[in-house]
Amino acid sequence: MNKADSRRLLEIFISAGYIPADDKNTADVIVYNTCSVRGHAEDKAMSHLGRLKFLKERSPGTVICAAGCMAQRMKEEIRERLPHIDLVVGPSSIFRVPEMVRENLSGVYPDTPDTVKEFSEYIDDINLEKEEYTGYVPIMKGCGNFCSYCIVPYVRGREHYRSKEEVLKECRALASRGQREIMLLGQAVNAHPQFKDILKGVSSLKGVERVRFVTSYPGKMDREIVDIVSGTPVLCDYFHIPVQSGSESVLKRMNRKYTVEDFLDIAFYIREKVPDAAITTDFIVGFPGETRDDFKRTLEMVEKVRFDQSFTFKYSPRPLTSASKMDDDVNEDEKKRRLAELNRVCSRAGLERNRRLIGRKVRVFASEARSGRTGSYKIVHWEGKGAQPGEPVTVKVNQALPHSLKGLRED
Ligand code: SAH
Ligand code: SF4
C-alpha cells in the first residue's frame, strides 16, 4: 500500500518537473512515507526522520516531509521533537505534497473525512519508470473491520471503495503504458462490492498479462473467487489470506469474523481447485491471552494448510485499538520463542511447497537480470542468459529453498 502511494507521489513529482535524486544527500525534497501498523515501524520512521537533522542544517533549503499513517498519528510529537521536519501530512493527503512544496507551505496537514473519501485522479500524468512492470492500483482505502489489534481504521479511516469504472480506467492507462502486471490493493480487497466484476474486467484488458490482488480478508473469501481465478489464466494463482491465528478463541478476541473451520474450508478448496496456487498468510503470536495451547492450534494450522509463505509478527499493542486495553500478558521472551518456533514450521512448509516445483518449467517475469517472480509470486533466481526487467522468461527449476527457487533459463 505504502509502496503504491510512494510511487504515485513520485509520479506526481515527475510530472511537475522534478527529477528523482540518487540519494537523500543530494535531494531538494525528501518525503518519508511512514507506517504505523506495528510499533517497530514507527520507531524506525522516527529515528530515520531524526537523522535528517544534519541535512537540514547543512542545506536549510531542503524540504523534509513526514507523510503517512505514523505522521498522522504522531503529528504533535513530530512537530515538538523534530522541528527540522517542514511538513507533516496524513496518508490520504500525501498526493498534495508536490503542491505544498510548490507553495512553500510548512506545518501539519492531517487527513480530514473529505480527503479520506476522495481518490485523486491523475492517471493522465503517469510517467512510467521503465524498470517497473507492475502497476499498483488501490481499489479501496482504509478499513472498517476493526480487528482488535489493528490501528488501520483509526489512522486511515473507514473503508472507501473506488468504482469499478475508475479502477478499470486506471488499469487501462497503466496497461497502455506497458505495465503488464497489475496488483489490485486494499486492506480487505475482496470485500469490494464489485470485486468479482473488477477481477473479470481487469483481466480482460488488452496488454494485461498478470493480475493479482492483496490482501484477501478470510471472512470474505468465497468459492466463486477461487473459481474465477482458476478459470482465468491472467489471474495469478496466488492468494494472500492472513489467518492471524489457528485458535478459535484468539480469533474471536481479535474480532476476526471467521472461524478456523471457515478458513480451512476455503484453503482446502483452493488446494483442490488450483493445486499450484500459492497460499500465503500473516500470523500474530503472543496476542493477549494466547496460551501455549492456542499457539499449538496455530502450528497445527500451518501443518494442515502448508502455506507457501508466511509473514509472522509478535503482537505489538497499538494505541487506540481495543486490544491495547487487554492485558499484554505473554512476555517478550515467550513471544520470541513462539515466533521462532512458528518460523521454523512455516519455513518447512514453504520449502515443501517449493520442492513440488523441482524439475518443472515456470514462467517468470524478470525484475532483475537473473531473477524475477512466478505467477504465484515466488522468487526465482536463474543461471543462463540475463533478461530485461519485465521480460517473461522460462526457467527450469532445479533447487528449492524455503523462500525462493533456483533454476536454469530455458529460452
Ligand atoms: N488488512 C490485512 C492486514 C494489514 S496489516 C488483513 O486484514 O489481513 C498487515 C499485518 O500486520 C497483519 O496481517 C497482521 O499480521 C500484522 N499486524 C497488524 N497489527 C498488528 C499488531 N498490533 N501487532 C502485530 N502484528 C500486527
Ligand atoms: Fe486491520 Fe482488520 Fe482492517 Fe486488516 S481487516 S486492516 S487487520 S482492521
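Residues numbered from 1 in each chain as written. Chains lettered and ligands numbered in written order. Predicted model: local features only at pLDDT ≥ 70, side-chain atom pairs only at ≥ 80, totals over all residues. Heavy atoms only, no water.

A. Expanded view of the overall build of the chain. Tallying secondary structure elements over the chain gives 15 helices and 17 strands in all. The C-alpha atoms of the chain give a radius of gyration of 22 Å, which matches the 22 Å a tight globule of 411 residues would have. Dimensions along the principal axes, computed over C-alpha positions, put the chain at roughly 60 × 55 × 40 Å. Residues classed as buried in the chain amount to 53% of the 411 residues present. (Helix = DSSP H or I, 4+ residues; strand = E, 2+ residues; numbered from the N terminus. Rg over C-alpha atoms; globule rule 2.2 N^0.38 Å. Buried < 20%, exposed > 50% of the residue type's maximum accessible area, 1.4 Å probe, protein only.)

B. Molecular detail of the site of ligand 2. Lining the immediate surroundings of ligand 2 are Cys 143, Asn 145, Phe 146, Cys 147, Tyr 149, Cys 150, Val 152, Pro 153, Gln 187, Tyr 217 and Arg 256. For the shell around ligand 2, the per-class residue count stands at eight nonpolar, two polar and one charged. (Near = heavy atom within 4 Å. Nonpolar A, V, L, I, M, F, W, Y, C, P; charged D, E, K, R; others polar.)

C. Seen up close, the pattern of salt bridges. All chains considered together, the criterion is met by 38 salt bridges. With a closest N to O distance of 3.3 Å, Arg 363 and Glu 209 form a salt bridge. A residue pair is termed long-range when its members are at least 10 positions apart, and Arg 363 in strand 13 (residues 361-368) and Glu 209 in the loop between helix 10 (195-203) and strand 9 (210-214) qualify at 154 residues. The class for Arg 363 is partly exposed, based on a relative accessible area of 46%. Looking at Glu 209, the relative accessible area reads 32%, which means it is partly exposed. Notably, a salt bridge pairs Asp 276 with Arg 356, separated by 3.2 Å at the nearest N-O pair. A residue pair is termed long-range when its members are at least 10 positions apart, and Asp 276 in the loop between helix 13 (260-273) and strand 11 (278-285) and Arg 356 in the loop between helix 15 (332-355) and strand 13 qualify at 80 residues. (Salt bridge = Lys/Arg side-chain N within 4 Å of Asp/Glu carboxyl O.)

D. Highlighting the site of ligand 1. Around ligand 1, 15 residues are found, and the nearest of them are Arg 38, Gln 187, Gln 244, Asp 282 and Ser 316. Within the contact set of ligand 1, an oxygen atom lies 2.7 Å away from a side-chain nitrogen or oxygen of Arg 38. Note that an oxygen atom of ligand 1 is positioned 2.8 Å from one of the side-chain N or O atoms of Gln 244. Among the residues making up the shell around ligand 1, the classes are represented as six nonpolar, four polar and five charged. (Polar contact = N/O pair within 3.5 Å; in protein donor to acceptor, adjacent residues only side chain to side chain.)

E. Representation of the sheet that holds strand 13 within the structure. The five strands are arranged 13-14-15-17-16 in a closed barrel whose pairing can be described as mixed. Strand-to-strand twist across the sheet, computed as the mean angle between neighbouring axes with direction ignored, equals 55°. Relative to strand 14 (residues 371-373), strand 13 runs antiparallel, the two being bridged by three bridges. The residue bridging Phe 365 from the neighbouring strand is Arg 373, located in strand 14. (Pairing = 2+ DSSP bridges. Axes fitted to C-alpha atoms, helices over the stretch in contact; angles between N-to-C directions.)

F. How the structure looks around the nonpolar core. Among the nonpolar cores identified, the biggest contains 66 residues, and Tyr 149, Leu 184, Val 202, Phe 213, Phe 239, Met 301 and Phe 307 are the most heavily contacted of them. No other element matches helix 13, which puts seven residues into this core. What Phe 239 contacts, discounting residues up to four positions off in sequence, is Phe 213, Met 221, Val 226, Val 229, Ile 270, Ala 277, Ala 278, Ile 279 and Thr 280. Counting residues in hydrophobic clusters, the runner-up holds 16 residues, among them Met 70, Ile 78, Leu 82 and Val 88. (Core = buried A, V, L, I, M, F, W, Y, C linked by side-chain atoms within 4.5 Å. Contact = heavy atoms within 4.5 Å.)

G. Structural view of the sheet that holds strand 2 (residues 63-68). Taken in spatial order, the four strands line up as 1-2-3-4 in an open sheet, and their pairing is parallel. Strands with a single pairing partner mark the edges of an open sheet, and in this sheet they are strand 1 (29-34) and strand 4 (107-109). Ignoring which end each strand starts from, the neighbouring axes of this sheet average 15° apart. Bridge count between strand 1 and strand 2: six bridges; the pairing is parallel. By the bridge assignment for strand 2, Asn 33 is matched with Ala 67.

H. Focus on helix 11 (residues 223-231). Among all positions in helix 11, only Ile 225, Val 226, Ile 228 and Val 229 are buried. Take helix 11 and look down its axis: the buried residues cluster within an arc of 160°, on one side only. Elements that come into contact with the buried residues of helix 11 comprise helix 10, strand 9, strand 10 (238-240) and helix 13. The backbone nitrogen of Glu 224 lies 3.1 Å from a side-chain oxygen of the residue at the head of helix 11, namely Asp 222. (Arc of directions from axis to C-beta.)

I. Up close: the packing of aromatic side chains. Within the structure shown, the criterion is met by eleven aromatic pairs. On the basis of an interplanar angle of 85° and a centroid distance of 5.7 Å, the ring pair of Phe 283 and Phe 307 is categorised as edge-to-face. With Phe 283 in strand 11 and Phe 307 in the loop between helix 14 (292-305) and strand 12 (309-314), the pair connects residues that are 24 residues apart, well separated along the chain. Among the aromatic residues, those joined into a cluster by ring pairs are Tyr 149, Phe 287 and Tyr 315. A cation over an aromatic ring shows up here: Arg 38 above the ring of Phe 313, its NZ or CZ 3.7 Å from the ring centre. (Phe/Tyr/Trp six-rings, centres within 6.5 Å; stacked < 30°, edge-to-face > 60°. Lys NZ or Arg CZ within 6 Å of the ring centre and 35° of its normal.)

J. Looking closely at the side chain of Arg 306. Looking at where Arg 306 falls in the secondary structure, it is placed in the loop between helix 14 and strand 12. The exposure class assigned to Arg 306 is buried, which follows from its relative accessible area of 18%. Filtering out sequence-adjacent residues up to four positions away, Arg 306 remains in contact with Arg 271, Met 301, Ala 349, Glu 352 and Arg 353.

K. Inspection of the side chain of Arg 318 at higher detail. Looking at where Arg 318 falls in the secondary structure, it is placed in the loop between strand 12 and helix 15. One polar contact links Arg 318 to Glu 42, side chain to side chain, over a distance of 2.9 Å. Among residues more than four places away in sequence, those in contact with Arg 318 are Ser 36, Val 37, Arg 38, Gly 39, Glu 42, Arg 73, Tyr 149, Ile 151 and Ser 324.

L. Seen up close, unusual backbone geometry. The residue after Val 214, namely Thr 215, is reached through a cis peptide bond having omega -5°. Turning to its location among the elements, Thr 215 is positioned in the loop between strand 9 and helix 11. For Phe 146, which is not a glycine, the phi torsion comes out positive at approximately 50°. Structurally, Phe 146 is set in the loop between strand 6 (140-141) and helix 8 (152-156).

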